[in-house]
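Residue-level listing of the chains:
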Amino acid sequence: MLKFWKRNSKGKPYLYEEKPENKDVSLTGKNISTLLSDSDDIIIRQLYINGNEELAITFCYVDGLINKKTASDDVLKPLLQEAALSKVQDSRDIINLIEHGSLYYTSQATRDNINDTIKDVLDGSVALIFDDIKQAVTFDIKGFEKRTIQETTGENVIKGSKDAFIEVMSVNTSLVRRKIRTQNLKIKQMSIGQETITPVSVVYIDGIANSNLVDEVNKRLQAINIDGVLRSSAIEEFIVDNKLSAFPQVMYTERPDNFCSNLLEGRVGILIDGLPVSYIVPGSLNQFLHAPEDYSSNFLVASSITFIRFVSVITTLILPGFYISVTTFHQEMIPTELAMSIIISKEGVPLPTYIEIIIMLLAFEVLLEAGLRMPKPIGQAVSIVGAVVVGQSAVEAKLISPVVVIVVSFTVISGFSMPNQDFSNALRLWRFIMTALSSFAGLFGLSLGFIALLLHLASIETFGVPYLSPFAANEGDDIEVDSLFRMPVWLVKKRPRNLKTINKVKENSNVSKDK
Amino acid sequence: MKKVSLLVSFLIIGLLFNGCSMALLPERIEINKLNLIRIVGIDKGIKNPDDICITILTKKIQQQQSGGSENSGQKAEQPLILTNEAPTLMKADREFQTYSDKRMFWGHVEYLLVGEEAAKEGIAKYIDYFVRDTSFRIKANIYIIKGTTAKDFISQSSMGEYYLPDRLEALNKNSKLLTGWQGLELLEFLQWLNNKYSSAVAPALCLKEIENPISEDDKPSIDVRLDGYVIFKNLKLVTEINLKQERGENFLLNKVVTSAIQITDPSGKMVAMDIIDNKTDTSPVIKNGKLKGMTVKVEFSSNINEVHSTSDIFDESTLKYLNDEQSKIIKNEIEAVIKIAKDNNADFIDMAGSFEMKRPTMWKKIKDKWDDIFPTIPISVEVKSKINRTYDIIKPNSRFWEEHK
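Worth saying up front: this structure is predicted, and the values here are computed from it rather than measured.

## A few points about the overall build of chain A
- In terms of helices and strands, chain A carries 16 helices and 12 strands.
- A globule of 515 residues ought to have a C-alpha radius of gyration of about 24 Å, yet chain A, at 30 Å, is considerably larger.
- If you line up chain A on its principal axes, its C-alpha atoms span 100 × 60 × 45 Å.
- Here chain A holds 515 residues, and the buried ones make up 48% of them.
- Sequence separation of at least 24 residues holds for 64% of the intrachain contacts in chain A that already meet a minimum separation of 6.
- Counting only carbon and sulfur atoms, one obtains 56% of the accessible surface of chain A, whose full area is about 25,400 Å².
- Where the 51 positive side-chain charges of chain A centre and where its 58 negative ones centre are 5 Å apart.

Here is the structure:
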């Protein structure tokens, strides 16, 4: 089948199938204006070079996508006034002069195909179409409005670089280049999305990242055939291995420094134009429990915090289930004094404990959702209603016992301590499963749920890397490095073994503990 | 999809089974529908001596008052005491259910009190239910009630201001200051009781009337006191050790945590010393392959905590005198306990255990004759002691004033 949009000549599979009406259309200003008709933002003008009516060209661009001043000063003005161009006789000479620097612009391309020309125009270029010789010269003069580089909103930074990715691919790649200056940093671009034609870049460091991993990422990206890439799910959900799992298998970050440090570990990054976040593959459970901030603070402090995070995972998953189990099935497990306190707090509450817990968990989820969806000015109302209704009134009205409020609050707060929101969401989902199982069968049910979760996690493998590594792979190797604790940087000599990097040595300085 | 439908059907089955009396799943009961039993008292039947009388004490929790009134919060808690008599404990237990609006819950029993009469008759039938039934905590503490029945003990001691479980917990914790044990767990007692060659010991409690010097009310209140140990031989209570003798037993069992010794110094004033560590080693004396006797070697050290004398007692000769005195006291106490053991032919001083530990092969040969050997075997006691420190004041407090008179 014939393919459309030939961007390079290496024979990659093309995403856009040829439209029959464009097949043999010649490259002329008239044809372009026909093809791009009905779009008022596309400006097409006839110009005479140096006032010579025989040398008519068509000037075409999309309003708003180009920088008009640059277009006027650096393209139009020399074209109409430059002395060197005044002597030329035909279009071929003009193109020749432009290609050799008569117009002061670095990024231009000569096109002899109408489709390429249209693509350049829609991408933010100015096209000069020479009807007589069926050729065009396009100048990349992108000048659309974009956000400036700002601080991250999703990941708080205390000690570290504060810049964050923005929506424009070229800016994002430059942010990465600024941090990793080696020639081995490779940025391979492709387009995904039949209608959106979104540029997507695969970023890796040659000589570190495993070439099989890079090939696999490229293969999976190229296999995506979708109408548009406007949201992350368009890419993420296609490239993950276990497509039915709630757990994230691709890590995302807004921070170029975090992105770069993962590249240095030997992972592969994906940048998508139009999205201010980057993606890193393969993702493993251990990664989602480490915040980039850990590597900016003292290793002892960071280790303690990391350990607390692991405890929080267990807490947020099983605490409601555990509470239901011990208060309705295994009351003998509770110390007598505590049992007395729970009895006092539960006295007069008509609902069974598991209903109380499920109501409270649902109420928190609804409040959370409402807080996200409400416009900011009225968002505060949610927290007031939440605190008053869910917390105080429910307890006072004897609908919910105070201990349940404490248990659920602690559960929810523990869930918020996860550095990765996707991971936190997966835990939220599994928490309900655990709670349901505990309300049927107590600790027996809870254990079943936990075993099911472990089985599920152990069965996931992303891009050939076990999801539970380094806890359940490599025969326990690497478990001491950045798992439950964060080791000092000078002790971590090698890159993660499970990534099978080409260059395995990460650090080789001669550091002694005593100095 | 298959997995998802399996999971969903599992959940539905779980939901449907739930609440059914034939459920595969464990029974669900809300914690506030339970009546947590804290103390159980066991006696011989009062109406019919072949029956068992059981008394339970729970905490009756009053409903919390709601609303914004100043008195909101919890009302005074009152213990609920119930008694029942039946041929078996299980029947008595089931009948209790009909007395209460809540489920009787045995998982929180902390203290098992057995009346003296029941213990004398043979304790096995009175405790079997508690160690066999899975809902009972075998880590509950056991006490033998002296001088009265467990029923009266529970009801009379609950009349005062104390809540009996709290009072017993305090006694348990503080008993180590009087060299007593920190309670005896049912499991440990049972293991001891089931040992064919040695005799079990259990701590005893009694009621004591105390005059209340603060209130003008003439009525004396009743309080709970530790009252030495009782000794079991063949599952029956045979004799007892009083409070003064119990330290000897503790030394023999290597269970002294801390203890006060009071000695009169050469000037006739009192000195109080605190035993801070001890080590007892019991070993058989064997000559020519024959058992000649047992030796108990005790080593302990103490600190001087209180000195009444105004003369300096911290010279070498006085310290030696104090050292010898404390060794003598402990030696006498140990020998007194050994005498009780031999007189009753009840090896509650763990001679059999030490023998088996030190000479396992020889023990196998003589263990069946131990009952005959034990009362006749000579047991020698050697006590070594040391005074560790006298604290920072190395001279008597009042010496300065004596010198400047």
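Don't stop here, the text continues.
## A few points about the sheet that holds strand β2 (residues 52–62) of chain A
Residues and elements named next belong to chain A.
- Read across the open sheet, the five strands follow the order β1-β2-β4-β5-β3; overall the sheet is antiparallel. In the strand order of this sheet, the two ends are held by β1 (42–49) and β3 (108–111), each with one partner. This sheet shows a mean twist of 20 degrees between the axes of neighbouring strands, independent of strand direction.
- Summarising the sheet, β3 and strand β5 (residues 135–140) pair through four bridges and their orientation is antiparallel. Looking across to β5, one finds that Gln-108 is bridged to Phe-139.

## Thoughts on the interface of chain B and chain A
- Counting from both sides, the interface comprises 30 residues of chain B and, opposite them, 27 residues of chain A.
- When the two sides are added together, the surface that chain B and chain A hide from each other amounts to roughly 2,700 Å², 65% of it contributed by carbon and sulfur.
- Taken together, the connections running from chain B to chain A amount to three salt bridges.
- For Lys346(A), the salt bridge is made with Glu30(B), and the minimal N-O distance between the two is 3.6 Å.

## Looking at the pairing of strand β9 (residues 268–272) of chain A
Residues and elements named next belong to chain A.
- Counting buried residues in β9 gives five out of five residues, a clear majority hidden from the surface.
- Here β9 shows two buried faces, one formed by Val-268, Ile-270 and Ile-272 and the other by Gly-269 and Leu-271.
- In this structure, strand β7 (residues 198–205) lies alongside β9, joined through four bridges in antiparallel fashion. Pairing of Val-200 across the sheet is with Ile-272, part of β9.
- Judged from the four bridges that link them, β9 and strand β10 (residues 278–281) form a sheet pairing that is antiparallel. Bridge pairing links Val-268 to Val-281 in β10.

## Examining the domain arrangement of chain A
- Per the domain assignment, the segments of chain A are domain 1 (20–140), domain 2 (169–283) and domain 3 (296–465).
- On a C-alpha basis, the centres of domain 1 of chain A and domain 2 of chain A stand 34 Å from each other.

## Notes on the sheet that holds β9(A)
Residues and elements named next belong to chain A.
- Read across the sheet, five strands follow the order β6-β7-β9-β10-β8 without closing on themselves; strand pairing throughout is antiparallel. Pairing within the sheet leaves two strands with one partner each, and these edge strands are β6 (185–192) and β8 (251–253). Going from strand to strand, the sheet's axes swing by 25 degrees on average, the running direction of each strand aside.

## So, the environment of Leu437(A)
- One can find Leu437(A) in helix α16 (residues 421–459).
- On the basis of relative accessible area, Leu437(A) is assigned to the buried category, the value being 9%.
- With 112 residues separating them along the chain, Leu437(A) and Ser325(A) place their C-alpha atoms 9.6 Å apart.
- Setting aside residues up to four positions removed in sequence, Leu437(A) forms contacts with Gly442(A), Gly445(A), Gly449(A), Phe10(B) and Leu11(B).

## A word on the packing of helix α6 (residues 169–179) of chain A against helix α9 (residues 256–265) of chain A
Residue and element names in this part refer to chain A.
- At a minimum axis distance of 10 Å, the contact between α6 and α9 shows a crossing angle of 60 degrees. By the angle class used here, α6 and α9 are oblique. The two elements α6 and α9 meet at a crossing, and its hand is right-handed. Residues Leu-175, Val-176 and Lys-179 of α6 lie in contact with α9, whose contacting residues are Pro-256, Asp-257, Phe-259, Cys-260 and Leu-263.
- For the contact of α6 with α9, a count of residues per class yields six nonpolar, no polar and two charged.

## Some words on the side chain of Thr55(B)
- Along the chain, Thr55(B) falls in strand β2 (residues 52–60).
- Look at Thr55(B) and you get buried, because its relative accessible area is 0%.

## Quick notes on the side chain of Asn218(A)
- Considering the arrangement of structural elements, one finds Asn218(A) in helix α7 (residues 211–222).
- Beyond its immediate chain neighbours, meaning those up to four positions away, Asn218(A) contacts Met190(A) and Val202(A).

## Some details on the packing of aromatic side chains
- Considering all chains together, one arrives at 22 aromatic pairs over all chains under this definition.
- Consider the rings of Trp106(B) and Phe130(B), whose centres lie 6.0 Å apart with planes at 45 degrees: the pair is tilted. Of this pair, Trp106(B) sits in the loop between β4 (103–105) and β5 (111–115) while Phe130(B) sits in helix α4 (residues 124–132), and the two are 24 residues apart along the sequence.
- Aromatic side chains Tyr197(B) and Trp363(B) sit 5.2 Å apart centroid to centroid with 80 degrees between the ring planes, which places their arrangement in the edge-to-face category. Of this pair, Tyr197(B) sits in the loop between α7 (186–193) and β7 (200–210) while Trp363(B) sits in helix α11 (residues 360–366), and the two are 166 residues apart along the sequence.
- For Trp363(B), a relative accessible area of 3% puts it in the buried group.
- Grouping aromatic residues by their ring pairs yields a cluster made of Tyr197(B), Phe355(B), Trp363(B), Trp370(B) and Phe374(B).
- One Lys or Arg, Arg220(A), reaches over the ring of Phe463(A) and ends 4.1 Å from the middle of that ring.

## With respect to helix α12 (residues 336–346) of chain A
Residue and element names in this part refer to chain A.
- With eight of 11 residues buried, α12 lies mostly within the body of the structure.
- Residues Thr-336, Ala-339, Met-340, Ile-342, Ile-343, Ile-344, Ser-345 and Lys-346 constitute the buried set of α12.
- Gly-348 occupies a position one or two residues after α12 and carries a positive phi of about 90 degrees.

## Comments concerning the environment of Thr138(A)
Residues and elements named next belong to chain A.
- In this structure, Thr-138 sits in strand β5.
- On the basis of relative accessibility, which here comes to 3%, the residue Thr-138 falls in the buried class.
- A C-alpha to C-alpha distance of 7.6 Å links Thr-138 and Val-121, two positions 17 residues apart in sequence.
- Sequence-distant contacts of Thr-138, defined by excluding residues within four places in its chain, comprise Ser-107, Gln-108, Ala-109, Arg-111, Thr-117, Asp-120, Ser-125, Val-126 and Ala-127.
- In terms of polar contacts, Thr-138 uses its side chain to reach the side chain of Asp-120, at 2.9 Å.

## Some remarks on the pattern of salt bridges
- Applying the stated criterion across every chain yields a total of 43 salt bridges over all chains.
- With a shortest N-O distance of 2.7 Å, Asp120(A) and Arg111(A) are connected by a salt bridge.
- Assessed through its relative accessible area of 9%, Asp120(A) is described here as buried.
- Using a relative accessible area of 25% as the deciding quantity, one classes Arg111(A) as partly exposed.
- Arg38(B) is the salt-bridge partner of Glu110(B), the closest N and O atoms lying 2.5 Å from each other. On the criterion of sequence distance, the pair formed by Glu110(B) in the loop between β4 and β5 and Arg38(B) in strand β1 (residues 34–44) is long-range, its members being 72 residues apart.
- Since its relative accessible area comes to 0%, Arg38(B) is described here as buried.
- Here the salt bridges share partners, and the residues they tie into one network are Glu216(A), Lys219(A), Arg220(A) and Asp241(A).

## Re α16(A)
- Taking 1.5 Å per residue, 39 residues should reach 57 Å; α16(A) reaches only 22 Å between its end C-alpha atoms and comes up short.
- Between the side-chain oxygen at the start of α16(A) and the backbone nitrogen of Asp422(A) there is a gap of 2.9 Å, and the oxygen is on Asn420(A).

## Let's talk about unusual backbone geometry
- In this model, Val281(A) is joined to Pro282(A) through a cis peptide bond whose omega is -10 degrees.
- Mapped onto the elements, Pro282(A) comes out in the loop between β10 and α10 (285–288).
- Look at the link from Ser469(A) to Pro470(A): it is a cis peptide, with omega at 5 degrees.
- Within the secondary structure, Pro470(A) sits in the segment after β12 (465–466).
- Of note in this structure, Phe463(A) is not a glycine but carries a positive phi near 50 degrees.
- When you line up the elements, Phe463(A) lands in the loop between β11 (461–462) and β12.
- A positive phi angle, close to 55 degrees, is found at Asn288(B), a residue other than glycine.
- You can see Asn288(B) is positioned in the loop between β11 (270–287) and β12 (290–307).
- When its relative accessible area of 80% is taken as the criterion, Asn288(B) is described as exposed.

Cut-offs and rules
- Each chain carries its own residue numbering, running from 1 in the direction its sequence is written.
- Whichever chain is written first is A, and whichever ligand is written first is 1; the rest continue in order.
- With pLDDT at 70 or above as the cut-off, local features in this predicted model cover only qualifying residues; side-chain atom pairs require 80 or more to be listed or tallied, and sums for whole chains, interfaces and linings still use all residues.
- In computing side-chain properties, one takes all heavy atoms of the structure into account and sets aside hydrogens as well as water.
- The way it works is that DSSP assigns letters per residue, a run of H or I at least four long becomes a helix, a run of E at least two long becomes a strand, and they are numbered from the N terminus.
- For a compact globule the rule gives 2.2 Å times the number of residues to the power 0.38, and the radius of gyration it is set against comes from C-alpha atoms.
- Accessible area is worked out with a 1.4 Å probe on protein chains only. A residue is then buried under 20% of its type maximum, exposed over 50%, and partly exposed in between.
- Note on contacts: a residue pair qualifies if any of its non-hydrogen atoms lie within 4.5 Å across the two residues.
- Note on areas: these come from Shrake-Rupley sampling with a 1.4 Å probe, and a residue is covered only by the protein chains present in the view.
- Think of it this way: Lys and Arg go in the positive column, Asp and Glu in the negative one, and His and the chain ends go nowhere.
- All charge positions are set by atom: Lys at NZ, Arg at CZ, Asp at CG, Glu at CD.
- For two strands to count as paired, DSSP must find a minimum of two bridges between them.
- The axes used here are C-alpha line fits, helices contributing only the stretch in contact, and every angle between their N-to-C directions lies in the interval 0 to 180 degrees.
- Here the buried area means the combined drop in accessible surface, using a 1.4 Å probe, for two parts upon being joined, counting both sides.
- Salt bridge, as used here: a side-chain nitrogen of Lys or Arg that lies within 4 Å of a carboxyl oxygen of Asp or Glu.
- All domain edges in this entry derive from an automatic or database-based domain assignment.
- Here the angle decides the label: under 35 degrees means roughly parallel, over 145 means roughly antiparallel, 65 to 115 means roughly perpendicular, and every other value means oblique.
- For any helix crossing, the convention is left-handed if the near helix is rotated counterclockwise from the far helix by under a right angle, and right-handed if that rotation is clockwise.
- Any residue that is not Ala, Val, Leu, Ile, Met, Phe, Trp, Tyr, Cys, Pro, Asp, Glu, Lys or Arg is counted as polar, Gly included; the first ten are nonpolar and the last four charged.
- Note on ring pairs: Phe, Tyr and Trp rings are taken, using the six-membered ring of Trp, and paired if centres are within 6.5 Å. Classes follow the plane angle, with under 30 degrees stacked, over 60 edge-to-face and the rest tilted.
- In this scheme, Lys NZ or Arg CZ marks a charge over a ring once it lies within 6 Å of the ring centre and within 35 degrees of the ring normal.
- Side-chain atoms alone can form a polar contact between residues adjacent in sequence; in general such a contact is a pair of N or O atoms within 3.5 Å, and within protein one must be able to donate a hydrogen while the other accepts it.
- Given a helix with a known number of residues, its expected span is that number minus one, times 1.5 Å.

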